[in-house]
Amino acid sequence: MSKISPCLWFAGEAEEAANFYVSLLPDSRIDHVQRNVADGPGGKAGTVLMVRFTLAGESYLALNGGEKCDYNHAVSFHIDCADQAEIDRLWATLGEKGELIHCGWLKDRYGVHWQIVPSILPTLLADPDQAKAQRVMAAVLGAIKFDIAALQKAYKGV
């Protein structure tokens, strides 16, 4: 288990959310479900209090805190995507019943913010040719979901 891991707060959907998240990425699993040992703010005795899970090899904790707590995009989870198929799959799955934002960002059905980003993007933006990098940045700012082919066209000036 990691020394530091994110804890996601839920009103009562911790186990549902953890199961959803681990279904999305390889090297993901539910590690432990802790039930309430007594009635408390997180629920009645016997209901799920916490779910420890691994998402793409990293440790997370989902906590049923009892009351709804809103997330904002000051904290988000960045997923590095190898190709357009992975972007499309994650965008469709995480975005379902959520909110599509811009620049590869979305908010999922639980209110958690995600960045679905192609692996190639940092390389394109870091090109020493500032005209190329600026065209890519303009494409980024105009995008909702990233389209790798569109980013490459912008890079080439097409």
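I will try to describe carefully the structure that is included in this document. (Residues numbered from 1 in each chain as written. Predicted model: local features only at pLDDT ≥ 70, side-chain atom pairs only at ≥ 80, totals over all residues. Heavy atoms only, no water.)

By the definition in use, this model includes zero disulfides. There is no disulfide at Cys-69, and the cysteine sulfur nearest it, in Cys-7, is 10 Å away. By relative accessible area, which is 41% here, Cys-69 ends up partly exposed. Among the cysteines around Cys-81, which has no disulfide bond, Cys-103 carries the closest sulfur, lying 15 Å off. With a relative accessible area of 0%, Cys-81 lands in the buried category. (Disulfide = S-S within 2.5 Å. Buried < 20%, exposed > 50% of the residue type's maximum accessible area, 1.4 Å probe, protein only.)

Relative to the assigned elements, Ile-116 resides in strand β8 (residues 113–118). Accessibility expressed as a relative area gives 0% for Ile-116, which makes it buried. Spatially, the C-alpha atom of Ile-116 lies 6.9 Å from that of Trp-91, the residues being 25 residues apart in sequence. Discounting chain neighbours no more than four positions away, the residues touching Ile-116 are Ile-79, Cys-81, Ile-87, Leu-90, Trp-91, Leu-94, Gly-104, Leu-106 and Phe-146. (Helix = DSSP H or I, 4+ residues; strand = E, 2+ residues; numbered from the N terminus. Contact = heavy atoms within 4.5 Å.)

Ranked by internal contacts, the top residues of the largest apolar core, which has 41 residues, are Tyr-21, Phe-53, Leu-94, Trp-114 and Ile-116. Top contributing element to this core by residue count: helix α1 (residues 14–22), with six residues. Every residue in contact with Tyr-21, bar those within four places of it in the chain, is listed here: Leu-8, Phe-10, Phe-53, Leu-55, Leu-94, Asp-108, Tyr-110, Val-112 and Trp-114. (Core = buried A, V, L, I, M, F, W, Y, C linked by side-chain atoms within 4.5 Å.)

Next up on the list: unusual backbone geometry. The phi angle at Asp-27 is positive, at roughly 55°, despite the residue not being glycine. Within the element layout of this structure, Asp-27 appears in the loop between α1 and β2 (29–35). With phi around 50°, Cys-103 is a residue other than glycine that occupies positive phi space. By the element assignment, Cys-103 lies in the loop between β6 (99–100) and β7 (105–107). A relative accessible area of 14% means that Cys-103 is categorised as buried.

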